[in-house]
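# Fold and contact review
Listed below are the residues making up each chain.
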Amino acid sequence: MTLIIDTQAAAPASHARNRGTRRAVIVLNMLGLCLVGLIALTLSCGQGCLPPAHVLAALTGADAGGADFVVNDLRLPRALMSLVVGLCFGLGGAAFQVMLRNPLASPDIIGISAGAGAAAVFAIVVLSLEGWAVSAVAVSAGLGIATLIWGLSSGRGAAGARLILVGIGVSAMLNSVTSYLLLDAPAWDRAEAMRWLTGSMNGAQLVQVWPVVAALAVFGGLLAVSARDLDLLRLGDDAARALGVRSDATRFRVTLAAVGLVAFATSAAGPVAFVAFLSGPIAARLTRGGRFILPAAGLIGAILVLAGDYAGQFMLPARLPVGVVTGAIGAPFLLLLIVKANRNGGTL
Amino acid sequence: MTMARRLRTKDLSAGYDSRVILKDISLEVPAGRITAIVGGNASGKSTLLRTLARILKPKGGSVLLDDNVIHDMPSNAVARIMGLLPQSPIAPEGITVADLVGRGRHPHHGLFSRWNAADDRAVTDALTATGIAGLAERDLDTLSGGQRQRAWIAMALAQQTDLLLLDEPTTFLDVAHQIDVLDLLVDMNLSRRTTVVMVLHDLNLAVRYADHLIAVAQGGIHCQGTPADVLTEATVKTVFGLDCRIVTDPVSGTSTMVPIGRHKSGSVGQEAQSRK
């Protein structure tokens, strides 16, 4: 009898905790499955569908009877690019939103993506750079813009409406820079210009994927080791510091990681509209605000880009770049969040 | 059971940015006792507490924990000895009580260590001590103000520190819940010998519940000592700018302060007014 009472007394903490973790694990597994399904779909179905056996044969380098070119040269680079770019945007966006405790503080709204995009266009059009050099310029610009926005909304690392408004202003300015640079580059066709305005996976090649994979490993790793401290910052600076978190150092690491992720992804595929912004709030809803927002947001980012790109290519009357599709989903969601944020202050 | 820790300040000056609010403060927190910091609005009592808690960097002088300068100690090491419940912590959306209380275990973990049985025990103990074990799985936003404050205190308890600092733990609570929270702190102090330092708004509750009072006024410590020594009509006049009478609280037997205003204060009030 006493034994039963004892276990009941010990139950609440571990039980409640396990329940939360179980839910998150289920959500992450579902998202992972979803992602694998989407990749399989994009590899096997395009203008026409290939039997799974042919796709597998092509991937493993066996004789695939003509499927080799379609799968390995057209679909695989595109799927991989969508996957890593989506992961980068999802992780980077959610990191910003959690750190600044505001879903509107995502890098594509406060001008980080716009800055990286404008810098990438500048590097390509004006400086005639390629590959890693473009990424380096984009990351520097992203960090520069982050510093500028922090500075203009003046210190204390405050989230607040001020930072977001300043960011929106900076973002608009940088978008006009991008447009101006594109006007000045007559050699480009409209489709290529669209990449830098809304983001696109058109013409993705494996060589362009690797820098983003590297960025994902380095900056994603940095984010992973900062994740626990970042989670505690959600309780407010004082509470986090009382629990031994070095709040300024954490914010610096998270900013560096998130800007790195977003800038590398942007320099490869353009600022894919609203993916960074959408992933965090969806992840927060699914994991019920637990400790697993970041990985969930990464997976959701990848799902959004893969699904958006697929829909833009094959499911709509015209072939549209992925950014147009995600933008069309994101805009109403943005309005919804603003309305909601006005009502309850909006945290993540 | 906790260890007796020595927390004191040496010629401490504290403030925000370029503004110095407190100057040349030297004090020692009595180990194993309950200390209350009292003072008027904007007197710097929260500033003092936050500097003691290593949240604010001193403008001059130092805070010493067991003779080490606290701002030179690693943040994790401090967090294993001293906990703080800030004035308005933020509750992340959708967080459960058990999850919140579990956050208190952070200083006991390194980068790669995993949640273990000791953590479970600490959280369960904290939930039981604060009487909210039955609410462990509830979302924090669905609790009443008093229950929510218990959850935050439970988080600080799960941290298992020898010292616990609290910044106005009774604000936003009705009078019954204020007493409830203060009783809870005394329970902890008695059962674990936890040293408690808190900023309290209500002077009478501070006098009743604290073993040691620190009255902050005019950028420094006006006086400190046992509540009976500190609570005088003259002190209240200097610290709060308020006329009052000190009488014996019929319930606790300690002193209690009865304010004198311009209205509704009988003949004493009219006297006070005519003196102005």
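Residues numbered from 1 in each chain as written. Chains lettered and ligands numbered in written order. Predicted model: local features only at pLDDT ≥ 70, side-chain atom pairs only at ≥ 80, totals over all residues. Heavy atoms only, no water.

Under the annotation held in an unreviewed UniProt entry, chain B carries the name Iron dicitrate ABC transporter ATP-binding protein and is attributed to Pseudosulfitobacter pseudonitzschiae. Recorded in UniProt under Subcellular location (unreviewed entry), the annotation for chain B is "Cell membrane". Per UniProt, the comment on chain B under Sequence similarities (unreviewed entry) is "Belongs to the ABC transporter superfamily." (UniProt positions renumbered as here; feature names shortened; annotations may be inferred.)

The name an unreviewed UniProt entry assigns to chain A is ABC transporter permease, from the organism Pseudosulfitobacter pseudonitzschiae. Quoted verbatim from the Subcellular location (unreviewed entry) field of UniProt, the annotation for chain A is "Cell membrane". Taken from UniProt, the Sequence similarities (unreviewed entry) comment for chain A reads in full: "Belongs to the binding-protein-dependent transport system permease family. FecCD subfamily."

## Examining the environment of Ala-268 of chain A
Residues and elements named next belong to chain A. In this fold, Ala-268 is placed in helix H10 (residues 247-269). Separated by 179 residues in the primary sequence, Ala-268 and Phe-89 place their C-alpha atoms 12 Å from one another. Non-local contacts of Ala-268, meaning those with residues more than four positions away in its chain, are made with Met-81, Arg-195, Gln-208 and Val-212. (Helix = DSSP H or I, 4+ residues; strand = E, 2+ residues; numbered from the N terminus. Contact = heavy atoms within 4.5 Å.)

## Topic: empty space enclosed by the protein
What the rule picks out here adds up to four cavities of 30 Å³ or more. Put simply, the largest cavity is a space of about 90 Å³. Every residue lining the largest cavity is listed: Arg-241 and Ala-242 of chain A together with Ala-53, Arg-54, Ile-55, Ser-75, Val-78, Ala-79, Met-82, Gly-83 and Leu-84 of chain B. Of all the secondary structure elements, the ones that give two or more residues to the lining of the largest cavity are helix H9 (237-242) of chain A together with helix H2 (75-81) and strand E6 (82-85) of chain B. Of the volumes computed, that of the second largest cavity is approximately 50 Å³. Lining the second largest cavity are Pro-281, Arg-285, Phe-333, Leu-336, Leu-337 and Lys-340 of chain A. Counting residues per element, the ones that place at least two in the lining of the second largest cavity are helix H11 (275-287) and helix H13 (322-344) of chain A. At four residues, the largest contribution of residues to the lining of the second largest cavity is made by H13 of chain A. Considering only residue class, the lining of the second largest cavity consists of four nonpolar, no polar and two charged. (1 Å grid on protein atoms, 1.4 Å probe; cavity = no way out; pocket = protein on both sides within 12 Å on 5 of 7 lines; lining within 4 Å. Points joined across faces, edges and corners; volume = space filled by probe spheres on them. Nonpolar A, V, L, I, M, F, W, Y, C, P; charged D, E, K, R; others polar.)

## As for the confidence of the model for chain B
Residue-level pLDDT values for chain B average 91, and 98% of them are 70 or greater. Taking the mean pLDDT of every element in chain B, the minimum, 72, falls on helix H10 (residues 266-275) of chain B and the maximum, 97, on strand E8 (residues 195-199) of chain B. (pLDDT = per-residue confidence, 0-100.)

## Section: the packing of aromatic side chains
Residue and element names in this part refer to chain A. Counted by the stated rule, this structure contains six aromatic pairs over all chains. Taken together, a centroid distance of 6.2 Å and an interplanar angle of 75° make the contact between Trp-132 and Phe-264 edge-to-face. Within this pair, whereas Trp-132 is found in helix H5 (residues 131-152), its partner Phe-264 is found in helix H10, the two being separated by 132 residues in sequence. Exposure remark for Phe-264: the relative accessible area of 9% places this residue in the buried category. A ring pair is formed by Phe-277 and Phe-333, whose centres lie 6.1 Å apart and whose planes are at 70°; its orientation type is edge-to-face. Of this pair, Phe-277 sits in helix H11 while Phe-333 is found in helix H13, placing the two residues 56 residues apart along the sequence. On the basis of relative accessibility, which here comes to 0%, the residue Phe-277 falls in the buried class. The structure contains a cluster of three or more aromatic residues connected by ring pairs, namely Trp-132, Phe-219 and Phe-264. (Phe/Tyr/Trp six-rings, centres within 6.5 Å; stacked < 30°, edge-to-face > 60°. Buried < 20%, exposed > 50% of the residue type's maximum accessible area, 1.4 Å probe, protein only.)

## Observations regarding the sheet that holds strand E4 (residues 60-65) of chain B
All names here are of chain B. Strand order across the open sheet formed by four strands is E2-E1-E4-E5, with antiparallel pairing between neighbours. Of all strands in the sheet, those bounded by a partner on one side alone are strand E2 (19-29) and strand E5 (68-69). Here strand E1 (residues 7-16) runs beside E4; their pairing, made up of five bridges, is antiparallel. The residue of E4 that forms the bridge with Thr-9 is Val-63. Against the sheet, helix H1 (residues 45-52) touches E1, E2 and E4, its axis set at about 120° to E1. (Pairing = 2+ DSSP bridges. Axes fitted to C-alpha atoms, helices over the stretch in contact; angles between N-to-C directions.)

## Regarding the sheet that holds strand E3 (residues 34-39) of chain B
Residue and element names in this part refer to chain B. In spatial order, the strands read E6-E7-E8-E3-E9-E10; together these six strands make up an open sheet with mixed pairing. Single-partner strands in this sheet number two, and they are E6 and strand E10 (220-225). Across the sheet, the mean angle from the axis of one strand to that of its neighbour is 15°, orientation sign disregarded. With five bridges joining them, strand E9 (residues 212-217) and E10 adopt antiparallel strand pairing. The partner of Ala-217 across the bridge, within E10, is Gly-220. Those strands touched by H1 are E3, E6, strand E7 (163-167), E8 and E9, and its axis lies near 150° from that of E7.

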